[in-house]
Amino acid sequence: AAVHRVKEQGKQAMLLCDTKLLDHDVTFLAPTVKTTTWLRSLSFYGCSLSLSSAKLLADALASHESLTMLDLGQNELGAQGVEAVCNALIHNS
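Our subject in this report is the structure included herewith. Starting from 1, residues in each chain are numbered consecutively following that chain's sequence as written. It should be noted that, the model being predicted, local features are given only for residues of pLDDT at least 70 and side-chain atom pairs only at 80 or more, the latter also being counted only at that level, while totals for whole chains, interfaces and linings use all residues. Excluding hydrogens and water, the side-chain figures rest on all heavy atoms present in the structure.

## Details of the side chain of H64
Step number 1: Where helices and strands are cited, they refer to DSSP runs of H or I of at least four residues and of E of at least two residues respectively, numbered from the N terminus. By secondary structure assignment, the location of H64 is in the loop between α2 (51-61) and β4 (69-71).
Step number 2: N or O atoms closer than or at 3.5 Å make up a polar contact, with two conditions inside protein: a donor-capable atom paired with an acceptor-capable one, and, for residues adjacent in sequence, both atoms drawn from side chains. At 2.9 Å, the side chain of H64 forms a polar contact with the backbone oxygen of T36.
Step number 3: Contacts were defined at the residue level, with two residues in contact if any of their heavy atoms lie within 4.5 Å. The contact partners of H64, leaving out residues within four places of it in the chain, are V33, K34, T36, L39 and N92.

## Considerations on the environment of W38
Step number 1: Tracing the sequence through the fold places W38 in the loop between α1 (23-35) and β3 (41-43).
Step number 2: Here the alpha-carbon distance between W38 and A13, two residues 25 residues apart in the chain, equals 8.3 Å.

## Things to note about the nonpolar core
Step number 1: Nine residue types can take part in a nonpolar core, namely buried Ala, Val, Leu, Ile, Met, Phe, Trp, Tyr and Cys, and a core is a set of them joined through side-chain atoms within 4.5 Å. Using a 1.4 Å probe on the protein chains alone, a residue whose accessible area is under 20% of its type maximum counts as buried, one over 50% counts as exposed, and one in between counts as partly exposed. Formed by 23 residues in total, the largest nonpolar core has its most connected members in L16, L21, L42, F44, L49, L61 and L72.
Step number 2: Listed by contribution, the elements that provide at least two residues to this core are α1, α2 and α3 (78-91).
Step number 3: Ranked by the residues each element gives to this core, the list is headed by α2, at 5 residues.
Step number 4: Excluding its chain neighbours within four sequence positions, the residues that come into contact with L42 are M14, L16, V33, L61, L67, M69, L70 and D71.

## Here's the deal with α1
Step number 1: Taking 1.5 Å of rise per residue, the 13 residues of α1 would be expected to cover 18 Å, and the 19 Å separating its terminal C-alpha atoms lies within 8% of that figure.
Step number 2: What we call the bend at a residue is the angle made by axes fitted to the seven residues finishing there and the seven residues starting there. Of all the bends in α1, the greatest reaches close to 30° and is centred on L29; the proline P31 follows between one and four positions later.
Step number 3: By the burial criterion, the buried members of α1 are V26, L29, A30 and V33.
Step number 4: On its buried face, α1 is in contact with β3 and α2. Multiplying 1.5 Å by the helix residue count minus one yields the expected span of that helix.

Fair warning: the whole summary comes from geometry, so function is off the table for now.
Now the structure itself:
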C-alpha cells in the first residue's frame, strides 16, 4: 500500500486513499497509527476496509489523542464498525 505523509502548515497527515487494504494490512498499520504522535489527519477513504479492519483501527485510535481528522468514507465498515470507531474516538478525548 502506498502511504503518503503530508506536512503542510503544521498539519501532518497519513493518506491511504483508494488503496485496497486487507485486514492483515490493517493489522500491520494499526500499531503505527497508535504510536505516531505527529499524526493529526488520517484518511482511509475508499480503502475497502471491513468490520474487522474498523475494529483494529478503533483499538489504535482509542489512545491516539492528537488526531483531529479521520476520513473513513467509501468503506464497508457496517454499523458495528462505525460504532467501534466512534466509541474509540469518544474515549480518547
